[in-house]
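Structural features, examined
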Amino acid sequence: MTGKNYIPSEEISEYVDSILVIENNEVVETFTLPLFANGKPTLLFQTSKGTIRNNSNYLTLFGQTIIPDQLTLTENFILIAYFFKPFALTTLFGFSAQDLTDNPINLNLIQFQKANELKEKLLNSKTVEQMISILDDFVFKLTAKIYTDNKLICYATKLIAENPTKSVLKRAQDELYLTERTFQRMFEDKVGVSPNQYRRIAQFNCAFQQLNQKQFKLFSDIAFNNDYADQSHFIRAFKQFTNMTPKEYLNLSKSD
């Protein structure tokens, strides 16, 4: 199995944060890909049908993921994930982001004709580069219909993701001259979760990256670096988002 990250083209970079491609041509048993919170809505395509919560399809649109989930595949596949900016879901697809929080949906159910055309083009592509070009074009056409100004939510999500401490919420609210209720509604509509829930996801994601990169001696180091009250607080938060403790996660990585 191989994985590669791609930088989004300039035309869509305002809405797409990153692109991940995974290829596996040696699937002999059911392959399971864990899906954890990362604060980014996602458009997911696989060249073989993937199953999430007993629903199988090629194109899946995710909102915010809080409860850990998984994707299973039974055949060789190429998987392409477009990770959107936190605010992009409502902007690009035209409905409340909250509707898709912990509720991934088959793209066909919301854009039937466009999704079918997109699926056929992707399945008939011969290279990953062709698939990315097709997906880029799909996203770019969505951006052409955007009329609203997303500077406020763009600034707020970036500020929180870069510094997910409890004090950052008040700072963002004050800098944008918004009331607490307006700030809350903006996040729930544009991002799909409350400001504090998004902050907790960003906090977990920072800690998760530090854990993966082995940049610690003790779990308390990660807790301290990421503004958790103590080691126990970090472990509880980690288990909430992954259904396992940090130690169990590291042991799982060692067994692969």
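Please read all numbers here as calculations on a predicted model, not as lab measurements.

Observations regarding the overall build of the protein chain
Looking only at helices and strands, the protein chain has 10 helices and 8 strands in total. What you see for the protein chain is a C-alpha radius of gyration of 19 Å, in line with the 18 Å of a compact globule of 256 residues. Structurally, the protein chain occupies a C-alpha span of about 50 × 50 × 30 Å along its principal axes. At a minimum sequence separation of 6, the contacts of the protein chain that also span at least 24 residues come to 67%. Roughly 13600 Å² of accessible area belongs to the protein chain as shown, and the carbon and sulfur atoms make up 49% of that amount. Averaging the coordinates of the 27 positive side-chain charges in the protein chain and doing the same for the 28 negative ones gives two points 3 Å apart.

Notes on the packing of helix 4 (residues 151-162) against helix 6 (residues 180-190)
The contact between helix 4 and helix 6 brings their axes to 11 Å, and the two run at 90°. As far as their axial angle goes, helix 6 and helix 4 are roughly perpendicular. In contact with Leu152, Ile153, Ala156, Thr157 and Ile160 of helix 4, helix 6 contributes Phe183, Met186, Phe187 and Lys190. When the residues that make up the contact of helix 4 with helix 6 are grouped by side-chain class, the tally is 7 nonpolar, 1 polar and 1 charged.

Here's the deal with the environment of Thr65
Following the sequence through the fold, Thr65 ends up in the loop between strand 5 (55-62) and strand 6 (69-73). Using a relative accessible area of 15% as the deciding quantity, one classes Thr65 as buried. Setting aside anything within four residues of it in sequence, one finds Thr65 in contact with Leu35, Phe36, Ala37, Asp102 and Ile201.

Describing unusual backbone geometry
Not every positive phi belongs to a glycine, and Asn54 is a case in point at roughly 70°. Residue placement: Asn54 occurs in the loop between strand 4 (42-52) and strand 5. Even without a glycine there, the phi angle at Asp227 is positive, about 65°. The topology assignment puts Asp227 in the loop between helix 8 (219-225) and helix 9 (231-242).

So, the confidence of the model for the protein chain
Of the residues in the protein chain, 97% reach a pLDDT of 70 or more, and the chain-wide mean stands at 92. When mean pLDDT is compared element by element in the protein chain, strand 7 (residues 77-84) scores highest at 98, while helix 10 (residues 246-255) scores lowest at 84.

Some thoughts on the pattern of salt bridges
For the structure on display, the rule yields 7 salt bridges. Note that Arg53 is salt-bridged to Asp69, the shortest N-O span being 2.6 Å. Here Asp69 lies in strand 6 and Arg53 lies in the loop between strand 4 and strand 5, a separation of 16 residues in the sequence. A salt bridge links Lys141 to Asp137, with the shortest nitrogen-to-oxygen separation between them at 3.3 Å. One end of the pair, Lys141, and the other, Asp137, are both in helix 3 (residues 128-143), 4 residues apart, so they sit about a helical turn from each other.

Some points on the side chain of Thr101
Mapped onto the elements, Thr101 comes out in the loop between helix 1 (88-93) and strand 8 (105-106). Taking the relative accessible area as the measure of exposure, Thr101 reaches 17% and is therefore buried. In terms of polar contacts, Thr101 uses its side chain to reach the backbone carbonyl oxygen of Gly192, at 2.6 Å. Not counting the four nearest positions on each side in its chain, Thr101 is found in contact with Gln64, Ile66, Gly192 and Val193.

With respect to helix 3
The end-to-end C-alpha distance of helix 3, which contains 16 residues, comes to 23 Å, matching closely the 22 Å that a straight helix rising 1.5 Å per residue would cover. All of the buried residues in helix 3 are Val128, Met131, Ile132, Ile134, Leu135, Asp136, Phe138, Val139, Leu142 and Thr143. Tucked into the core, helix 3 has its buried residues touching strand 1 (2-6), strand 2 (16-24), strand 4, strand 7, helix 1 and helix 2 (112-123).

Things to note about the packing of helix 7 (residues 195-212) against helix 9
When two helices pack together, their arrangement is captured by the angle between the axes and the distance separating the axes. Put simply, helix 7 and helix 9 touch, their axes get as near as 10 Å, and they point 100° apart. The angle between helix 7 and helix 9 places the two elements in the roughly perpendicular class. Residue-level contacts link Gln197, Arg200, Ile201, Phe204, Ala207, Phe208 and Leu211 of helix 7 to Phe234, Phe238, Gln240, Phe241 and Thr242 of helix 9.

What counts as what
Residue numbering note: each chain is counted from 1, following its sequence as written. Totals for whole chains, interfaces and linings use every residue, but because this is a predicted model, local features are given only for residues with pLDDT of at least 70 and side-chain atom pairs only at 80 or more, for both listing and counting. Only hydrogens and water are set aside; all other atoms, that is, all heavy atoms of the structure, feed into the side-chain values. Numbering of helices and strands runs from the N terminus, with a helix taken as a DSSP run of H or I at least four residues long and a strand as a DSSP run of E at least two residues long. The globule rule is 2.2 Å times the number of residues to the power 0.38, and the radius of gyration it is compared with is taken over C-alpha atoms. The contact criterion used throughout is that any non-hydrogen atoms of two residues lie within 4.5 Å. The Shrake-Rupley method, run with a 1.4 Å probe, gives the accessible areas here. Residue values count only the displayed protein chains as cover. This count recognises Lys and Arg as positive and Asp and Glu as negative, with His and chain-terminal groups excluded. Where a charge lies is defined by one atom per residue type: Lys uses NZ, Arg uses CZ, Asp uses CG and Glu uses CD. Helix axes are fitted only over the stretch in contact, all axes being lines through C-alpha atoms; the angle between N-to-C directions runs from 0 to 180 degrees. Working definition: roughly parallel below 35 degrees, roughly antiparallel above 145 degrees, roughly perpendicular at 65 to 115 degrees, and oblique for all remaining angles. Put simply, Ala, Val, Leu, Ile, Met, Phe, Trp, Tyr, Cys and Pro go in the nonpolar bin, Asp, Glu, Lys and Arg in the charged bin, and everything else, Gly too, in the polar bin. For each residue, the accessible area found with a 1.4 Å probe, counting protein chains only, is set against the maximum for its type, and the residue is called buried under 20%, exposed over 50%, and partly exposed in between. The predictor attaches a confidence to each residue, called pLDDT, with possible values from 0 through 100. For this analysis, a salt bridge means a side-chain nitrogen from Lys or Arg found within 4 Å of a carboxyl oxygen belonging to Asp or Glu. Polar contact criterion, stated in full: a pair of N or O atoms within 3.5 Å, where within protein one must be able to donate a hydrogen and the other to accept it, and residues adjacent in sequence count only if both atoms are side-chain atoms. Expected span of a helix, by definition, is 1.5 Å for each gap between consecutive residues, and there is one gap fewer than residues.

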